[in-house]
Structure formats: C-alpha cells, structure tokens
Protein chains: 6
Amino acid sequence: MNDDRYQRGLKNFKEITGEIGEKFIQNLNEISPDFSRYLIEYPFGDIYDRPGLDVKRRELVTLSALAALGYAEPEVKAHIKVALNAGVTREEIIELFIQISVYAGFPAAINALLSAKEVFKELDGKK
Amino acid sequence: MNDDRYQRGLKNFKEITGEIGEKFIQNLNEISPDFSRYLIEYPFGDIYDRPGLDVKRRELVTLSALAALGYAEPEVKAHIKVALNAGVTREEIIELFIQISVYAGFPAAINALLSAKEVFKELDGKK
Amino acid sequence: MNDDRYQRGLKNFKEITGEIGEKFIQNLNEISPDFSRYLIEYPFGDIYDRPGLDVKRRELVTLSALAALGYAEPEVKAHIKVALNAGVTREEIIELFIQISVYAGFPAAINALLSAKEVFKELDGKK
Amino acid sequence: MNDDRYQRGLKNFKEITGEIGEKFIQNLNEISPDFSRYLIEYPFGDIYDRPGLDVKRRELVTLSALAALGYAEPEVKAHIKVALNAGVTREEIIELFIQISVYAGFPAAINALLSAKEVFKELDGKK
Amino acid sequence: MNDDRYQRGLKNFKEITGEIGEKFIQNLNEISPDFSRYLIEYPFGDIYDRPGLDVKRRELVTLSALAALGYAEPEVKAHIKVALNAGVTREEIIELFIQISVYAGFPAAINALLSAKEVFKELDGKK
Amino acid sequence: MNDDRYQRGLKNFKEITGEIGEKFIQNLNEISPDFSRYLIEYPFGDIYDRPGLDVKRRELVTLSALAALGYAEPEVKAHIKVALNAGVTREEIIELFIQISVYAGFPAAINALLSAKEVFKELDGKK
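Because the structure is a prediction, the values reported are computed rather than measured.

(A) Seen up close, the relation of the copies chain A and chain B. Structural alignment of chain A on chain B gives an RMSD of 0.0 Å, achieved by rotating through 180 degrees and translating 0.0 Å along the axis. The operation mapping one copy onto its partner corresponds to a two-fold rotation axis. For chain A, the smallest separation between a C-alpha atom and the rotation axis is recorded for alanine 65 of chain A, amounting to 2.5 Å. Interface residue correspondence from chain A to chain B reaches 100%, placing this contact among same-surface, isologous pairings.

Structure (structure tokens):
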C-alpha cells in the first residue's frame, strides 16, 4: 500500500483541479477505480509534487502537450480551467495556443482556441 | 515586401537562437530560401515578438509541444540549446520532459530525455 | 474480380463483427461502396484470415493501436463490441486501456476508458 | 503593419473559402482577432498566394494532410467545401480519402469519408 | 489465390517506383514475404490502379500524408523519388512541403524539406 | 518512500526485460535517476504487476501501441527483445506488425517490420 503517495497526490489534485477534478474522478471511478488511483498517484503524487517547476508553468507544459496532440479536446478544456485556477491568465492561455500553430499546425491551434472560447463562455455564464 | 517584419524576425531569431539558428538557416536555404524567410517571419517576426509570454516561457511551450509530437528529435535538440540560451535551466528542461510522460507517454518522454542527455554532453565537451 | 477473397472477408467480417459491422458497412456504402469492399477484403479477407494470431489476440492488437492513435473514438467503441463478441472480457479491455497510459499517455487512456464506460452502459441498457 | 500582405491574404481567403471562411473568421475573432489575422496572412497571404501549385492541387494537399492527422474533423469538413468551391470534384475527394487508408490507416480514411458523406448531404439538403 | 490482382499490382509497382521499389521489396521480403505481397496488392493493385486520380496527383496525396505524419522519413524519401519518376517536379515537391507547415506545423515541414534536400543531392551526385 | 513498490517494480523489470533493461536504466540514470525510478515504479511496479493480462499479452499491447505511434523506433526494438524474452514468438511479432498496417497505415507497419528484421539479425549474429 502506498498510502502516503496517494494522500499526497489527492491533496495536490484537490488543490490544483478543484471541483473539476472531483467530478472527473467520480466519472472515471465508474469504469476503473484502479486507474483513478494511478491518476492521483503518478501525475499528482509524483510529478506535480516535484519542486522543479511551479504549478503555473506545469500547466503551460500540460496545455502545450495536450494542444499539440490534437485529439485531447476534453483534457484541453479541463486543463484550461485548472490553469486558470492556478493563476495562469486567459491571455496567457490564448498566447500559448497561438504559439502551438508553429509547432503542431494551424488546425491544432484552432481547435485549442475554440475550446478556450467555449470554456471562457461557460465560466462567464456562471457568474 | 514585408521588410519590417522580416528584419524584426531576423533580430529576434539571432538573439534567441544564436549560432545554432544561423547554421540551420544556411542549411534550409539550400533547399528553400522562401521557406527560410517564412520561418524567420512567422514564428520569429510574429509569434516570438508578441509580449504575452516571455522567451523563457515560450521555450517551455515549444519544448513541450515538440516532445509531445514524438517525431521532432532534431527540433527538440535545437530548442534545448535555444532554451538554455534563453535562461531556462537544465533542471527545468529535464523536469518538463519528465512531465511529458503523463500526457504523451513514456516513450515520448524517454526520447526527449535522451536527446537532452546528448545535447548536454555535447555542450560540456565544448568547454 | 477477387470474389473468393471478398467472400472469405465477408464471412469473417460477419462472424467477427456481428450486427455492428452490418450497420457500419451500410453507412459506409452510402459514401463509397468501393471502400467498403476494400475494408472487407484487406482487413477481413487477408489479415483477420491469417492463422498467426487468434481473433481474441487480434482484437487486443486492434484496440491497443486504436487507443494509442488517440483520435479514433468511433473505431474504439466499435471494436470494444467486436472484442467482447470475440470473447475478450470487459476486465481485459479495461486492463489493456490502463496499460496504454504508459505508452501513449494518460489522455489517450482516459478517452479509451470513458469510451468503454459508454459502450458497457449501452450494452447493459439493452438487456 | 503588413497591410499589403493582409489585404492579399483576405482577397485569397474570400475567393477560396467563400462564406464558409467568413463565418469561421467571425467565430475565431471572438477568441483571438490576432490569430485570425495570422490565419489570413500566413496560409492565405503567403502560401496560397504562391504560384507553384494551383488552388485545386493545394486543396488535395490540404485534405490529405488533414485526413492523415486524424483529429482534424472540423477542418476536414471545412476544406471539403473549400475544395468543391475550387473545382475539385466529389469523386476526387472520395478517391483521395480512400488512398489515405494506405498511409494513415483505415480509421483515418473512414473518419474522412464519413465527414465527406455528412458534408455532401448538407450541401444536397440546401438545394 | 488472387493472381490477377497481384500481377496488376506488380506491374503498377514496377512502373511507378522503378528500381527504388525493387530494392525495397527485396528488403521487406527478408522479414515478411506475405506483407510484401499485401503492399503490392492493396496500395498498387487496388488503389493506384483506380482511375479517379492520375499518378502525379496520387503522389501529391501520398507525400502530403507522409509529411503530415511526421515520423515517416524513409517513406518520404522513397516517395520523393517515386514522385519525380511520375513527373512531379522538384519545385512542386518543395511547394507541397512548404504548405504542410500550415497543417502539421513547421517541424514536419522542415523535416520533409531536409529529406528532399538529401534526395535531390543524392540524385545529382549520380549524374 | 515507496520502497515496496520500487522493489516490486525492479523485480518485475529485471525478470521481464533482462539485460536489455539493465543497460537502458543505466543510460537513463545519467540524465534523470528520478525518471528511471518512475519507469520502474509505474509501468513495472504498478501496471505489469497487475494480474488482468499475462506478460505475453501485455507485450502484444505494448508492441501494438508503440508501432501505431510510428515514432517510437528505439522502444519498438527494445520491446521486440522483451517480447521474445516473455515467450512471444517471432512469427507472432511479425503477425502483429502486419495487422498494424490496417489501423495505423503501411508506413508504421513497414517501420516496425524493418525494426524486427534488424533485431532478429542482431540476435542471430550473437549465437
């Protein structure tokens, strides 16, 4: 049992992802509680716990990788919220996605920007 | 003629990429001088010239996207040097590539880390 | 005319994919009957007809490749049903998708697992 | 200011993409007018303005790249309309997507063909 | 036995790929003669045999897909030779790879252009 | 400290990968001992330790995912050896890579088959 690692991951996960994370884990639990645990343990107990990059820069890394993959729309949307939660600004997120056009092409950038548009609208509608 | 944009791009390109960039452009010129110009103009005259993210964070974005693509080994190696030139530390580069394992898998992360190892060795050998 | 090959492919296709396959081919026929024929002939007349791997292991190969591509959600969902039809268990499918997180990253694994969740729910609803 | 380049891009963009392009740019403007400008300037002011390949062949190139990426469904659909507008026939588009199965696999080809089916239906419904 | 299809594929393969193809098939035969046969039959007996696109345009499609994939360097190099053999000009190949930068990003375009440079040099050295 | 998990991972890693794994970890240690530890812990301490699929089938999954990614040549070669070590036959590996042509295209299949050819030759040369 790796209880320490799981507890550390859960604490990081809750702080970083807030309620978005909570719902997501409930959803994932219905198909594989084991995989939910790995998601808490490896990315959040191990990686996000490391001191080498602060959370804001980690979110830049994550959003860049996800946008470059092109197919990860649900994860792009979730991490836009997580990044905002971590203090990354809307302008920085847009800036980052514009830059992605150079490395992964205009379609990958467009898809990420239109995901950002949807997420921002959703967040503004909640106010 | 977009001379201003090209001149601005060339200035940024030289400052950011140093001698790595110069050799690369000479190489690319032999197959397509037009494409070399686009590379100066769009990524460096337009994108890297924008104020929304500083050069260090732009390099984090670039390295994350390149590592996630998996196939861009020559560009990963070139941008490791560019990132170091811009003040990103070796530790931050390693940190970023470790994080890529979560989003693009262990093979993408391993390939980027082994590229970093080669580049660091090459740079240490020059001293 | 390669009638033998087409007939062999059709027989395999029907046995392996059941009614999922039938609807799919009707759908595809509306845009390109030629391509439907190739789909019957090459994957099912040639590849799935080969003795080197049994159908269950072929479905593991297919689901792994599809999940690793990341963008093939409709095909992942269809082949989950086909795999179940071939005797692969739900537990094995989940297991396989968990493993994909190592090689293609957590987003690819998450997307495949959430597709599995949807398919399993749909199948349970039918009972 | 690169007004000439933007004006040239806008002229090409309007001619090539018609009303599809207009709506798309309005949509993109809501999240990033700067990126809309880059889209007009680089692909349409620079690339599509070059004499080396005519518009019909440029659309073959674009549709092939988009279909091979696998994740670019909205762009595949938009460029099917653009290609038809440029004089590429429905038969040529289907032909091209069938060929993609060889290089990017059957799922990429199937997704592109089913996108073509949807677009053709939509266009026929308008008549 | 689909002898007609194989013979038709072999004829097309020889005409289109010339001696590049011959060496390649010998190489592939050492690991899987069955797969060599499929390569002759499906892409060359079925797809390239179809009348809907001429060989020159089929090579544009192939090169675009291969360049967009990013990882297919050996196939890009082989098909540059095949395309030249089919009457596509060096300028058209360069033009096509420049355009790929828009859809798959600058690294994919750069890698394809540098492959073209190598192939052109090799061909010039032979003269 | 997750000593149990690391020890379990190391035991699995040694059994499954043999001397290939040992050299690889030494290589990776020179750039990031932390990442080496994660590689032991997550894929081998967590995933390969799970009972849901036996090692032979896990290697089928891994080789399929790696071949479908297209860019993971060093990992394909390493896992061919690991798969042979686990009792997968050469014929099954070839069979699997042939099947990949359907889902990820002929170039991905060709690259994997030529990697297999190289590895088999290397292994035969050692005898």
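(B) Representation of the nonpolar core in the model. Judged by nonpolar contacts, the single largest core of 283 residues is most densely connected at Phe97 of chain A, Phe97 of chain B, Phe97 of chain C, Phe97 of chain D, Phe97 of chain E together with Phe97 of chain F. Setting aside chain neighbours within four positions, we find phenylalanine 97 of chain E in contact with Leu63, Ala67, Val76, Ile80, Ala109, Ala112, Leu113 and Ala116 of chain E.

(C) Highlighting the interface of chain A and chain B. Taken together, the contacts link 29 residues of chain A with 29 residues of chain B. For the pair chain A and chain B, the summed buried surface comes to about 2800 Å²; carbon and sulfur atoms form 66% of the total. Put simply, chain A and chain B have 6 salt bridges between them. Among the ionic pairs, glutamate 95 of chain A bridges to arginine 50 of chain B, the shortest N-O distance being 2.5 Å. For the pair chain A and chain B, the interface holds 14 residue pairs in polar contact (both at pLDDT 80 or more). Of all elements in the fold, only helix 2 (33–47), helix 3 (55–69) and helix 5 (90–104) of chain A reach the threshold of two or more residues within the side of chain A that touches chain B. For the side of chain A that touches chain B, the residue count by class is 18 nonpolar, 6 polar and 5 charged.

(D) Representation of the packing of aromatic side chains. Under the definition given, this model contains 39 aromatic pairs over all chains. The interplanar angle of 25 degrees and the centroid separation of 5.6 Å between the aromatic rings of phenylalanine 106 of chain C and tyrosine 42 of chain F together place this pair among those described as stacked. Within this pair, whereas phenylalanine 106 of chain C is found in helix 6 (residues 106–126), its partner tyrosine 42 of chain F is found in helix 2 (residues 33–47), the two belonging to separate chains. By relative accessible area, which is 2% here, phenylalanine 106 of chain C ends up buried. When the ring centre of phenylalanine 120 of chain F is taken as origin, the NZ or CZ atom of arginine 90 of chain F, which lies over that ring, is 4.5 Å away.

(E) Structural context of the packing of helix 4 (residues 73–85) of chain A against helix 5 of chain A. Residues and elements named next belong to chain A. At a closest axis distance of 10 Å, the pairing of helix 4 and helix 5 adopts a crossing angle of 140 degrees. One finds that helix 4 runs oblique with respect to helix 5. Helix 4 and helix 5 meet at a crossing whose hand is right-handed. Contacts between helix 4 and helix 5 involve Val76, Ile80, Ala83 and Leu84 from the former and Arg90, Ile93 and Phe97 from the latter. Along the lines of polarity and charge, the residues of the contact of helix 4 with helix 5 split into 6 nonpolar, no polar and 1 charged.

(F) Geometry of the side chain of glutamate 75 of chain F. When you line up the elements, glutamate 75 of chain F lands in helix 4 (residues 73–85). For the buried glutamate 75 of chain F, no salt bridge exists, and the shortest N-O distance to an oppositely charged side chain is 10 Å, to lysine 77 of chain F. Residue contacts for glutamate 75 of chain F: discarding those within four places in its chain leaves Pro107, Ile110 and Asn111 of chain B together with Leu66 of chain F.

(G) Main features of the relation of the copies chain F and chain D. If you rotate chain F by 180 degrees and push it 0.0 Å along the axis, it lands on chain D with an RMSD of 0.0 Å. When you check the interface residues of chain F against chain D, 100% turn up at the interface there too, and the contact is symmetric in its surfaces.

(H) Looking closely at empty space enclosed by the protein. Per the counting criterion, the structure on display carries 1 cavity of 30 Å³ or more. If you add up the space inside the largest cavity, you get close to 490 Å³. Surrounding the largest cavity, 24 residues form its lining, Leu69 of chain A, Leu69 of chain C, Leu69 of chain D, Leu69 of chain E together with Leu69 of chain F being those nearest its centre. Put simply, the parts of the chain that give the lining of the largest cavity at least two residues each are helix 3 of chain A, helix 3 (55–69) of chain B, helix 3 (55–69) of chain C, helix 3 (55–69) of chain D, helix 3 (55–69) of chain E together with helix 3 (55–69) of chain F.

(I) Main features of the interface of chain F and chain D. The interface is formed by 7 residues belonging to chain F together with 7 residues belonging to chain D. In this assembly, chain F packs against chain D so that about 430 Å² is buried in total across both faces, 64% of it on carbon and sulfur atoms. The largest per-residue losses of area from chain F upon contact with chain D belong to Val102, Tyr103 and Phe106 of chain F, which jointly make up 61% of the total buried on that side. If you look at where chain F meets chain D, you find 0 salt bridges. Along the contact surface separating chain F from chain D lie 2 residue pairs in polar contact (both at pLDDT 80 or more). For the side of chain F that touches chain D, the secondary-structure elements that each account for two or more residues are helix 5 (90–104) and helix 6 (106–126) of chain F. When residues in the side of chain F that touches chain D are grouped by element, the largest group, 4 residues, is from helix 5 of chain F.

(J) A look at helix 5 (residues 90–104) of chain D. Residues and elements named next belong to chain D. With 15 residues, helix 5 extends 21 Å between its outermost C-alpha atoms, agreeing within 8% with the 21 Å of an ideal straight helix rising 1.5 Å per residue. Here helix 5 lies mainly inside the structure; 13 of its 15 residues are buried. Of the residues one or two after helix 5, glycine 105 is the one with positive phi, at around 95 degrees.

(K) Representation of the pattern of salt bridges in the model. All told, the structure shown has 102 salt bridges over all chains when counted by the stated rule. Notably, a salt bridge pairs glutamate 41 of chain C with arginine 5 of chain C, separated by 3.0 Å at the nearest N-O pair. Placement of glutamate 41 of chain C in helix 2 (residues 33–47) and of arginine 5 of chain C in helix 1 (residues 3–29) is noted, with a sequence separation of 36 residues between them. The exposure class of arginine 5 of chain C is buried, given its relative accessible area of 0%. The residue arginine 8 of chain D makes a salt bridge to aspartate 49 of chain D at a minimum N-O spacing of 3.2 Å. Highlighted residues: arginine 8 of chain D in helix 1 (residues 3–29) and aspartate 49 of chain D in the loop between helix 2 (33–47) and helix 3, separated in sequence by 41 residues. The class of arginine 8 of chain D is partly exposed, set by a relative accessible area of 31%.

(L) Examining the environment of glutamate 41 of chain B more closely. What makes glutamate 41 of chain B buried here is its relative accessible area of 2%. Between the alpha carbons of glutamate 41 of chain B and arginine 5 of chain B there is a distance of 6.1 Å; along the sequence they are 36 residues apart.

(M) Representation of helix 4 (residues 73–85) of chain E. For helix 4 of chain E, which comprises 13 residues, the first-to-last C-alpha distance of 19 Å matches the rise-based estimate of 18 Å (1.5 Å per residue) to within 8%. Within the span of helix 4 of chain E, buried status applies to Glu75, Val76, Lys77, His79, Ile80, Lys81, Val82 and Ala83 of chain E. Contacts made by the buried residues of helix 4 of chain E are with helix 5 of chain D, helix 1 (3–29), helix 3, helix 5 (90–104) and helix 6 (106–126) of chain E together with helix 6 of chain F. Trailing helix 4 of chain E by a residue or two, glycine 87 of chain E shows a phi angle of about 105 degrees, which is positive.

About the thresholds
- Residues numbered from 1 in each chain as written.
- Chains lettered and ligands numbered in written order.
- Predicted model: local features only at pLDDT ≥ 70, side-chain atom pairs only at ≥ 80, totals over all residues.
- Heavy atoms only, no water.
- Least-squares fit on C-alpha atoms with pLDDT ≥ 70 in both.
- Contact = heavy atoms within 4.5 Å.
- Core = buried A, V, L, I, M, F, W, Y, C linked by side-chain atoms within 4.5 Å.
- Buried < 20%, exposed > 50% of the residue type's maximum accessible area, 1.4 Å probe, protein only.
- Buried area = accessible area lost by both parts, 1.4 Å probe.
- Salt bridge = Lys/Arg side-chain N within 4 Å of Asp/Glu carboxyl O.
- Polar contact = N/O pair within 3.5 Å; in protein donor to acceptor, adjacent residues only side chain to side chain.
- Helix = DSSP H or I, 4+ residues; strand = E, 2+ residues; numbered from the N terminus.
- Nonpolar A, V, L, I, M, F, W, Y, C, P; charged D, E, K, R; others polar.
- Phe/Tyr/Trp six-rings, centres within 6.5 Å; stacked < 30°, edge-to-face > 60°.
- Lys NZ or Arg CZ within 6 Å of the ring centre and 35° of its normal.
- Axes fitted to C-alpha atoms, helices over the stretch in contact; angles between N-to-C directions.
- Parallel < 35°, antiparallel > 145°, perpendicular 65-115°, else oblique.
- Left-handed = near helix turned anticlockwise from the far one by under 90°.
- Lys, Arg positive; Asp, Glu negative; His and termini not counted.
- 1 Å grid on protein atoms, 1.4 Å probe; cavity = no way out; pocket = protein on both sides within 12 Å on 5 of 7 lines; lining within 4 Å.
- Points joined across faces, edges and corners; volume = space filled by probe spheres on them.
- Expected span 1.5 Å × (residues − 1).

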